[in-house]
Every structure is written in structure tokens, then in C-alpha cells.
Amino acid sequence: MPFGDDQFWWGKAGRFLLNHGFFTTKDPSYIGGSSNGRYFSNVLMIFGMHHPLYNFIFYGLFATLLVYLLWKLSSGKMGLFFLSLLIPLTLSRAYTAGAWFWNAAFVNYVPAMVIVLAYLWLTKKYLLEHKLLDIWILVVLSLVLGFIGGLFVEHITLYQVAMAVVVILVTWRLVRSIPKYQWAYLIGSIGSAILMFSNRSYWVKSSYRDTNFSFANSLRTYVETSHYWIVTFNLALNLLLMVGIFVSIWHKSKKQLWDYLTMGVAVFFAGYYALVNAFLARQQSNDVFIPVNIGNTLQNFDAIMSVLFIIFLFLSLFVVAVPKSTKWILLYCYLSFGFLTGPFLLITKPISAREFFNGTMFLYLFAMIILANISIQRPQLKKAIPIALVAGILTMSSYYMVGNVTNHFAYLERFEEAPFVGAVPLDRRIPYHDLMPNRDLYSTPDSILYWSKYRCRSFVGYLFYFDYR
């Protein structure tokens, strides 16, 4: 359901930015960070908000590509195929509402991640599986991927350049030659970085953007907000990681003291995050899905636990029972998580969960690669796991479908009764408010304009024609 930035890009502000190269100093308190160098995703947002049918197709395509590429990069085994389908359905509420169901965030973050994973998949096919030839079609495709992928969101733009360099260095180390497609991807990535950061919005002072290199400020940001999104509330991911590490070591024929210690710590973290999520689920949370009124002691303790959890993931690389080459791949996933997460600890404004979504995807890939190297011996278990995963997919997808449809009609009914701007009375919030990016705690002026226009269209008219004059 369109909200906030979606309606901003649909309205006059989006058209103004489109006509001014996505840079302006006009009304900075309103336009804010939308004056930027995300040229490709900005255009997609404007076009998609005026052509909803395209938006549905775009969403379905890139959601499918994301789970497909995670599956193919992890192993391609059918058991993990069902797990990859379940991933979007087990995201934390902050990611579900703030990155997956919010069109403005989805368009920026998911396609960018898909392009990154697509290039890694092409490299896997070429370098490890030897099933790809360095022909001109691959070269052109890589150039396009590198250039377009860097025009979505800033941290992916920088990551692409770093990834292209790492892939070239690894390829040279393994085969002593660099294929043309890798140079093409590097050139495309550098080109997009130059284009993006040439946008003047990054070189003028803005009340919307604030970066502080103070360790104290970064620590406060991490303790008060970021650690919840990065670690604590990712319960399904945390359990997946701990189960993978535990079972991988359990299958070792000879175990040493370090192995038993690692399994014990994995059980401890799994239990801790299950308990802390059960407790925090009962606490009041704000519009960015952060618990409030829990006290500094618990908040500080949980922040420390999240740091120990991240350190433990690194140490587990030396213990898990996977081939040496796979450990290097796991290390790459871990470092990618750090690269895509770390910069946001320096940003004091704006702060939200969606910035950490792409880094979290590399932790999902980390877990899936470990699970892919575990062989299940019992036939009953081999049959039971896919059935359980399919049951989870059907249950969660049904829940989200019912929730979104219910919210849609509840929102329309509320709009018909009394459109308003600002805080939403608690007794008027839509039923599944946790699926909204702001938990339906406030409404914007753009919302009034958008839904007023929406009501003038039939469903078919909305799909094929949704414009304003």
C-alpha cells in the first residue's frame, strides 16, 4: 500500500526533482534526502507510482530474483530452495514493513542487491563451475549491470567498486588472467559512482543528512537503535545461523574442546535471542520498530550481546565443518555484511532499518552456505524438512496476504470517513499496523492528495492509468 515517499514521488515534488536532475535546495525540510544521485531508482519510483501494473510486475520480478539468486549462490539444492522462499516471510518487522512492503524502500534496496548477487552468480559460473565463456554478450551484460547497479543507493554504489576489485584480485590469484567481463563490470561500477556522486546534493550542507565521525555518537546510535535492526530482531536469521553452526560441528567425526565450546555458545545465543524477542515483543515500540521504556540496563546489555554475536560468527569460521574454499566464501559474506552495515554507524541522521537490509542478506547467504554443506542421513528427516518449510511458506504468505488486503480496505474506509494529516488516533489505526512503514502512527499531506486521486479510479483504471494534472 503506497505510503510516504511513494506518494512524494507520485506528486509534484517528484515531478519537480525529475525536471531538475534530482537536485534542488528548494524546501529542504520537505524534499530532504530525495535530492540525491539515485538516478535510476528515482526514475523507477516516479514511473512505477504512475503505472501501478508495471510496479506489480517489477516487484514480483525482483522479489523472485532475490530468492532465486540466494538459492543458486548457496548451493542450488532443492531443500534450500524452499528455505530461500521462506526468507522474505521471516524478516523482522522492521525489514518487512520498512524494506519489503514499502515500495520506496523496495525499489532502492532489493534491485540493487539482486544486481550484486547476479554478478557474484556470473562469477561463480565462470570461475568455479567453468560454465560461462568470456564472450561479448557477457561483457556487455556486466558493463550494464555495473553501471545500473550503482544508481540505486549509495552504499551499494561503493560496494560494487570494492566487489569488482576483489573479484579481479581473486581471479588473478586463481587463474593468472583477468576476463574482459570483470573489467567491464569494474568500469561500469566506477562510471556509476562518478555519475551518482557528481550530483550536487552530496556537496551542499543539508539538514536531512548528518554524518559524524565521533566514536561516542556512533556508539550511542548503535546502542539506542541500530543493534536492534542489525542483530536482535532478526530472530529467524539468528536461529538459522546458530542451527547451521551447531549441526555442522555436530557432524564432525572427531571433536575437540573448541568444537564443544562453539556448539555451547551457539545454543546459548539461540536461547538468548528467542527469550529477548519474546520479552521485547510485549514492549511498546515506536514508528521505527524500536522498543521504548525498557531501561538502559537491558538496552546496553543487549547491545553488548549483539557485538559478541557478530564476533562469534567470525570465530565460527575456524570451526565449522566446510571445505577450505567454502570458508573463504563465508569470510567474503561476513566482510560484505560489515562493508554494507558499518557506514551507517557513522550516520546520525537519517536512521532507519532499511539501510541494513542488504548487509543482512549476506548473513542469510552465510547461513545457507553452511546448511548446504550439511548432509542429512535420515530419510524421514529429508522428507520432513521440506514439508515443514512449505507449511511455513503457506502459513506466512497467507498471513501477509490477508493482512495487506485487510489494511488496504480499512485504510480506504478510514479515508472516506475522515481524511486527516498528522498523528493517527490509536483507536483508528488499521488492523495490521505493523505491516506499515510507520506502524500507521501518522499520515502525510501527500497521502491526502494520493488517495483522493485513487478514489476517482476504478480498479482497472488504476492499473493502467494513474496520473495527475
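Note that the coordinates shown come from a computational prediction; the quantities given were computed from them, not determined experimentally.

Describing the side chain of threonine 96
Piece 1. Residue position: threonine 96 is located in helix 7 (residues 93-100).
Piece 2. Classification of threonine 96 as buried rests on a relative accessible area of 1%.
Piece 3. At a separation of 3.3 Å, a polar atom in the side chain of threonine 96 contacts the main-chain carbonyl oxygen of leucine 91.
Piece 4. With sequence-adjacent residues up to four places away left out, threonine 96 is seen in contact with Leu91, Phe101, Tyr400 and Leu435.

Details of helix 12 (residues 215-232)
Piece 1. With 18 residues, helix 12 should reach 26 Å at 1.5 Å per residue; the first-to-last C-alpha distance of 22 Å falls well below that figure.
Piece 2. Roughly 65° is the biggest bend found in helix 12, and it falls at serine 226.
Piece 3. Of all the 18 residues making up helix 12, 13 are buried; the element is thus mostly covered by neighbouring parts of the structure.

Concerning empty space enclosed by the protein
Rolled over the atoms, a probe as big as a water molecule pinpoints where empty space is left.
Piece 1. All told, the structure shown has 4 cavities of 30 Å³ or more when counted by the stated rule.
Piece 2. Of the pockets and cavities examined, the largest cavity occupies roughly 70 Å³.
Piece 3. For the largest cavity, the full set of lining residues is Tyr411, Arg414, Phe415, Ala418, Pro419, Phe420, Ser443, Ser447 and Ile448.
Piece 4. Of all the elements in the fold, those that place two or more residues in the lining of the largest cavity are helix 18 (379-417) and helix 19 (445-454).
Piece 5. The element best represented in the lining of the largest cavity is helix 18, accounting for 3 residues.
Piece 6. Residues belonging to the lining of the largest cavity are distributed by class as follows: 6 nonpolar, 2 polar and 1 charged.
Piece 7. There is about 60 Å³ of room inside the second largest cavity.

Details of the packing of helix 8 (residues 103-128) against helix 17 (residues 357-372)
Piece 1. Running from N to C, helix 8 and helix 17 cross one another at 40°; their axes reach a closest spacing of 10 Å. In terms of orientation, helix 8 lies oblique with respect to helix 17. Seen from above, helix 8 lies across helix 17 with right-handed handedness. Listed contacts from helix 17 to Tyr109, Val110, Met113, Val116 and Leu120 of helix 8 are Phe357, Asn358, Met361 and Phe362.
Piece 2. The class makeup of the residues in the contact of helix 8 with helix 17 is 8 nonpolar, 1 polar and no charged.

Some remarks on the nonpolar core
Piece 1. If you look at the biggest cluster of nonpolar residues, it comprises 141 residues, and the most contacted ones within it are Leu66, Trp100, Met242, Phe357, Met361 and Phe362.
Piece 2. When residues in this core are grouped by element, the largest group, 18 residues, is from helix 8.

Some words on the packing of aromatic side chains
Two numbers describe a pair of aromatic rings. These are the distance of the centres and the angle of the planes.
Piece 1. Taken as a whole and assessed by the stated rule, the structure comprises 44 aromatic pairs.
Piece 2. Measuring from ring centre to ring centre gives 5.7 Å for tyrosine 54 and phenylalanine 58, while their planes differ by 40°; the resulting arrangement is tilted. Placement of the pair is tyrosine 54 and phenylalanine 58 together in helix 5 (residues 52-74), with a separation of 4 residues, close to one helical turn.
Piece 3. Members of the aromatic cluster, connected to one another through ring pairs, are Phe268, Phe269, Tyr272, Tyr273, Phe301, Phe309 and Phe312.
Piece 4. Of note, lysine 72 hangs over the ring of tryptophan 71, and the distance from its end group to the ring centre comes to 5.1 Å.
Piece 5. The ring centre of tryptophan 250 lies 5.3 Å from the NZ or CZ of lysine 255, which sits over that ring.

Regarding the environment of valine 247
Piece 1. With respect to the secondary-structure elements, valine 247 resides in helix 13 (residues 235-250).
Piece 2. Residue classification places valine 247 among the partly exposed residues on the basis of a relative accessible area of 25%.
Piece 3. When the C-alpha atoms of valine 247 and proline 425 are compared, they prove to be 48 Å apart, with 178 residues separating the residues in sequence.

With respect to the pattern of salt bridges
A side chain of one charge can pair with a side chain of the opposite charge if their charged atoms are brought near each other.
Piece 1. Within the structure shown, the criterion is met by 8 salt bridges.
Piece 2. In this structure, the salt-bridge partner of lysine 124 is glutamate 129, at a minimum N-O distance of 3.9 Å.
Piece 3. Note that arginine 414 and aspartate 440 form a salt bridge whose closest N and O atoms lie 2.8 Å from each other. A residue pair is termed long-range when its members are at least 10 positions apart, and arginine 414 in helix 18 and aspartate 440 in the loop between strand 3 (422-423) and strand 4 (442-443) qualify at 26 residues. The same class applies to arginine 414 and to aspartate 440, which are both buried.

Here's the deal with helix 13
Side chains of residues three or four places apart in an α-helix project in the same direction, reflecting 3.6 residues per turn.
Piece 1. For helix 13, which comprises 16 residues, the first-to-last C-alpha distance of 22 Å matches the rise-based estimate of 22 Å (1.5 Å per residue) to within 8%.
Piece 2. Residues of helix 13 that are buried in the fold lie against helix 6 (78-86), helix 12, helix 14 (257-280), helix 15 (296-316) and helix 17.

The rules we used
Residues numbered from 1 in each chain as written. Predicted model: local features only at pLDDT ≥ 70, side-chain atom pairs only at ≥ 80, totals over all residues. Heavy atoms only, no water. Helix = DSSP H or I, 4+ residues; strand = E, 2+ residues; numbered from the N terminus. Buried < 20%, exposed > 50% of the residue type's maximum accessible area, 1.4 Å probe, protein only. Polar contact = N/O pair within 3.5 Å; in protein donor to acceptor, adjacent residues only side chain to side chain. Contact = heavy atoms within 4.5 Å. Expected span 1.5 Å × (residues − 1). Bend = angle between axes of the 7 residues up to and from the residue. 1 Å grid on protein atoms, 1.4 Å probe; cavity = no way out; pocket = protein on both sides within 12 Å on 5 of 7 lines; lining within 4 Å. Points joined across faces, edges and corners; volume = space filled by probe spheres on them. Nonpolar A, V, L, I, M, F, W, Y, C, P; charged D, E, K, R; others polar. Axes fitted to C-alpha atoms, helices over the stretch in contact; angles between N-to-C directions. Parallel < 35°, antiparallel > 145°, perpendicular 65-115°, else oblique. Left-handed = near helix turned anticlockwise from the far one by under 90°. Core = buried A, V, L, I, M, F, W, Y, C linked by side-chain atoms within 4.5 Å. Phe/Tyr/Trp six-rings, centres within 6.5 Å; stacked < 30°, edge-to-face > 60°. Lys NZ or Arg CZ within 6 Å of the ring centre and 35° of its normal. Salt bridge = Lys/Arg side-chain N within 4 Å of Asp/Glu carboxyl O.

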